[in-house]
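# An overview of the molecular structure
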Amino acid sequence: MNRIERVNDFVIRFANVNGSGSASANNLFAQAIFRMGIPVSPKNIFPSNIQGLPTWYEVRVNEKGYLGRRGGYDMVVAVNGQTLLKDYNEVASGGYFFYDSTRVLPDECQRTDITVLGMPLTELCNEAFENPKLRQLLKNIIYVGALSHLLDIEFSVLTDSIQRQFKKKPKLAEPNIQALEIGLNYAREHFTDSCRLSVVRRDLLTDAIIMDGNSATGLGALYAGATVAGWYPITPSTSVIEAFERFAGRYRIEDETGRRKVAIIQAEDELAALGMVIGAAWNGARSFTATSGPGISLMSEFLGLAYFSEVPVVLIDVQRTGPSTGMPTRTQQSDLIAAAYASHGDTRNVLLFPCDPAECFELTAQAFDLAERLQTPVLVMTDLDLGMNDHVSRPLVWDDKRRYDRGKVLSAEQLDALETRWGRYLDIDGDGICYRTIPGTHPTQGAYFTRGTSHDEYAAYTEDSGAYERNMIRLLTKWDTAKTMVPEPHITIRDPQSKVGAIFFGTTTHSAYEAINRLEEEGTAINTMRLLSFPLTATALDFINSHDMIFVIEQNRDSQLKTLIVTDNGILPNKLVPLTNFDGMPITADYITEKLEAGLAVSTTTTGGSK
Amino acid sequence: MAVTDYLRQRFFPHMWCPGCGHGTILNSLLRAVEELELSKNDIVMTSGIGCSARISGYVDFHSLHTLHGRALAFATGVKLSKPELTLLVPMGDGDALAIGGNHFIHAARRNIDITAIVMNNRIYGMTGGQFSPLSGPGVKATTAPYTTIDANFDVVKLAIAAGASFVARSTAYHARESTEILKKAIMHKGFSVVEILSQCPTHYGRKNKEGDAVAMLELHKTNTAKLGSKQLEENPNLVARGIFIQEERAEYCIEYGKIVEHAQRRNVK
């Protein structure tokens, strides 16, 4: 048997029961690898359930820094009887299957191409610990101890983590460390040279952090000066607001009074949530909401109001698998069209696409400036994978000299100094963005009537076709202005002669770069553009115009980004080749590689060679 | 038919946490259906989103798992298209009265012949323990770390005021009583609301120091008393259980049939 033999480059999958305390054990494992300075990417694949159903936790270790999903499992740790057989069958040939041998393996388990490592976890745990509640939790810690031997994880890193975790309750640290030792000692005694996967300290992550995207997003909103959040619970966006609340408790305390200067309102539904946000924004507060696909559907009506009456709002969409209720605990990038064109009538909304926690933080903060500068809704499009899983990221950075861009807001003095009549929807500068006032700025001037009905330059109700059309065309001018303000794409030209390109965004980024680097190593250069926003900037259009065949890699069925690019820019659809994955799992580098190779082969046979 | 004949055991294990009251309510409901000797083919169950809403997956009736808060809208359509069907709509507290509050009061106003079962555990379980419009003030939740300030709806009063013609309350502890009430609710011609207090040891119990499932069940027993009982009279702070209103009133589908007849008669002339 050819055993898989690799250092700092493998994928391990844990199969557990939801709500059995496995999350903290698996997290301990991933954190240890991070602390040894090796890039690591944990992904929690969990059911729509609180306790009892199967759940998996995938950890990719890769010292080259490829942290998207790769595809395949080199080792499986199976502690869930419900899924044992499936887990057994999914181990890659030459891989390792670690299981709780307190119960014997079913007869169907007859593979000869994998190494089976049985350890009586339940038995060992029950011998050592009395408390039934603790037993359940510590059984998971025991396998982490065993893995430290099998994979050469520094044991002190694990014990340090435990001690740090239970700093305030040192009594709880004791049984955890004991459990680690039980696992380590059993593995040492029974598994000699059984596993050829290993980790070796590299210290590659000197200034990197590991955190989930939703926490970074919540912190971004806090740094951006958000004071009001209206929201309704929905997986997978709930933790954005929870993080915002947590960070506000730490960083948004008024020195003199000790008061927390923030209002977070749990609404009765998503419609009300966005209504509250628009109300606060109209009144001058920086306010936002966080939701997922079903919430976008419900909020569409209010998004149209904010677009047409030009109230700045920020909306975080942590996308999940749709349509309808879909798969609430699986990931997708499938709200693009709904978000970009939310609401009836002609509407267009600005979208931002972060790909890691640092960008969740930065783009969320930037969204508030853009929303106020452009006086329009700005939607930050993350997804379940980015939002709820931990990701290695460059650190979050904030320049204390940075000042918020409140956009074109008239003060009382400016109103007094005006020589001509002020019009809320009068385009003075020719950029489609008009001057607004915040209610109560001036005792007698600057008041206007905010409305979702058709209005003229002075905010008066109108059914005059000319006035209506002027307003709608001005909103298009504003859209063109947005194209000069949204973040630029990241473009990598690997070969200036190559006419083949690829476009992707968000969490597709990591696997896409890995796949394209693989192809480059084999001699095929694909130039890449990672989009950070919709609409596209001039630079982004140049990239598209200077390539003949462009793969658009995204995680939805209908090539939604391709549709947006084609519709908004009049690009010929044929040159954009869809490469989609929509199974609800984060896209893998193996899948992208395979599809790119197939796509390139077709183009070579039909055109007689690229270029 | 045996109770198990009404269950889709192929979808087991169910997704509720150990100690959850929802399974007991499912049990009470199935026994009510069994004792009424209803045919599976005549029952339609629609539900929304949340822990409670998953009940529709486990019953072997015609069942629709629809949208958060909107099960009553679907049920209304089903009922109007075939009024002879029995409509059962189990709902969570957030599902029924936060996002679904509007549908709830309008279904009650129409007095359409649907049985709404509010499985009230006073918390959003599925999303991790946020407070609901039935939590009431002074409750701890993830979104109320310093306790809630929101007043709660009284489902019984709300349903009566909105026009429901059968309104009752029981608890997961009082499983037999729930069955008896549900039987009456299902047989009642009009909009029936049955609030059944359920326990969520995972979120509500843990945060509010109410102990494990057994302790929480005990609270259902000690904190409630039967309508008209001496116990309730002596301690009005107890939550009343029983049937609050049961009135014969114009039912929507019947009235609809009458108006159709009326319109047709006019046309004949």
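Under an unreviewed UniProt entry, the name given to chain B is 2-oxoglutarate ferredoxin oxidoreductase, beta subunit, and the source organism is Desulfopila aestuarii DSM 18488.

Per an unreviewed UniProt entry, chain A goes by 2-oxoglutarate ferredoxin oxidoreductase subunit alpha and derives from Desulfopila aestuarii DSM 18488.

## Quick word on the nonpolar core
All names here are of chain A. Phe-288, Leu-351, Ile-503, Leu-531 and Ile-565 are the most contacted members of the largest nonpolar core, which has 79 residues in total. Take this core: its biggest share by element is nine residues, from helix H12 (residues 357–374). Not counting the four nearest positions on each side in its chain, Ile-503 is found in contact with Met-529, Leu-531, Phe-543, Ile-544, Ile-550, Phe-551, Val-552, Ile-553, Leu-561 and Ile-565. Grouped together as the second largest cluster of nonpolar side chains are 58 residues, Leu-28, Met-36, Leu-117 and Met-119 included.

## Some words on the domain arrangement of chain A
All names here are of chain A. Under the domain assignment used here, chain A contains domain 1 (6–198), domain 2 (211–393), domain 3 (408–485) and domain 4 (490–607). Here the C-alpha centroids of domain 2 and domain 4 sit 28 Å apart. Every contact between the two is made by 25 residues of domain 2 and, on the other side, 27 residues of domain 4. The contact between domain 2 and domain 4 buries some 2100 Å² in all, and 59% of this surface belongs to carbon and sulfur atoms. When the area that domain 2 buries against domain 4 is broken down by residue, the three leading residues are Gln-333, Phe-353 and Cys-355, summing to 32%. Our enumeration of links across domain 2 and domain 4 arrives at two salt bridges. For Glu-359, the salt bridge is made with Arg-530, and the minimal N-O distance between the two is 2.7 Å. Our count for the domain 2 to domain 4 interface comes out at 15 residue pairs in polar contact (both at pLDDT 80 or more). If you list the elements that add at least two residues to the side of domain 2 that touches domain 4, you get strand E14 (327–331), helix H11 (336–340), strand E15 (350–352), H12 and helix H13 (384–388). For the side of domain 2 that touches domain 4, the per-class residue count stands at 13 nonpolar, six polar and six charged.

## A word on helix H6 (residues 175–187) of chain B
With 13 residues, H6 of chain B extends 18 Å from end C-alpha to end C-alpha; this agrees with the ideal 18 Å at 1.5 Å per step. For H6 of chain B, every residue scored as buried is listed here: Glu-177, Ser-178, Thr-179, Ile-181, Leu-182, Lys-183, Ala-185 and Ile-186 of chain B.

## Looking at the side chain of Arg-13 of chain A
Residues and elements named next belong to chain A. As for its position among the elements, Arg-13 is in strand E2 (residues 9–17). With a relative accessible area of 5%, Arg-13 lands in the buried category. A distance of 3.3 Å separates polar atoms of two side chains, one belonging to Arg-13 and the other to Tyr-73. Ignoring sequence-local partners within four residues, the contact set of Arg-13 consists of Ile-45, Trp-56, Tyr-57, Glu-58, Tyr-73, Met-75, Val-76, Val-77, Glu-90 and Met-585.

Conventions used here
- Residues numbered from 1 in each chain as written.
- Chains lettered and ligands numbered in written order.
- Predicted model: local features only at pLDDT ≥ 70, side-chain atom pairs only at ≥ 80, totals over all residues.
- Heavy atoms only, no water.
- Core = buried A, V, L, I, M, F, W, Y, C linked by side-chain atoms within 4.5 Å.
- Buried < 20%, exposed > 50% of the residue type's maximum accessible area, 1.4 Å probe, protein only.
- Helix = DSSP H or I, 4+ residues; strand = E, 2+ residues; numbered from the N terminus.
- Contact = heavy atoms within 4.5 Å.
- Domains from an automatic or database assignment.
- Buried area = accessible area lost by both parts, 1.4 Å probe.
- Salt bridge = Lys/Arg side-chain N within 4 Å of Asp/Glu carboxyl O.
- Polar contact = N/O pair within 3.5 Å; in protein donor to acceptor, adjacent residues only side chain to side chain.
- Nonpolar A, V, L, I, M, F, W, Y, C, P; charged D, E, K, R; others polar.
- Expected span 1.5 Å × (residues − 1).

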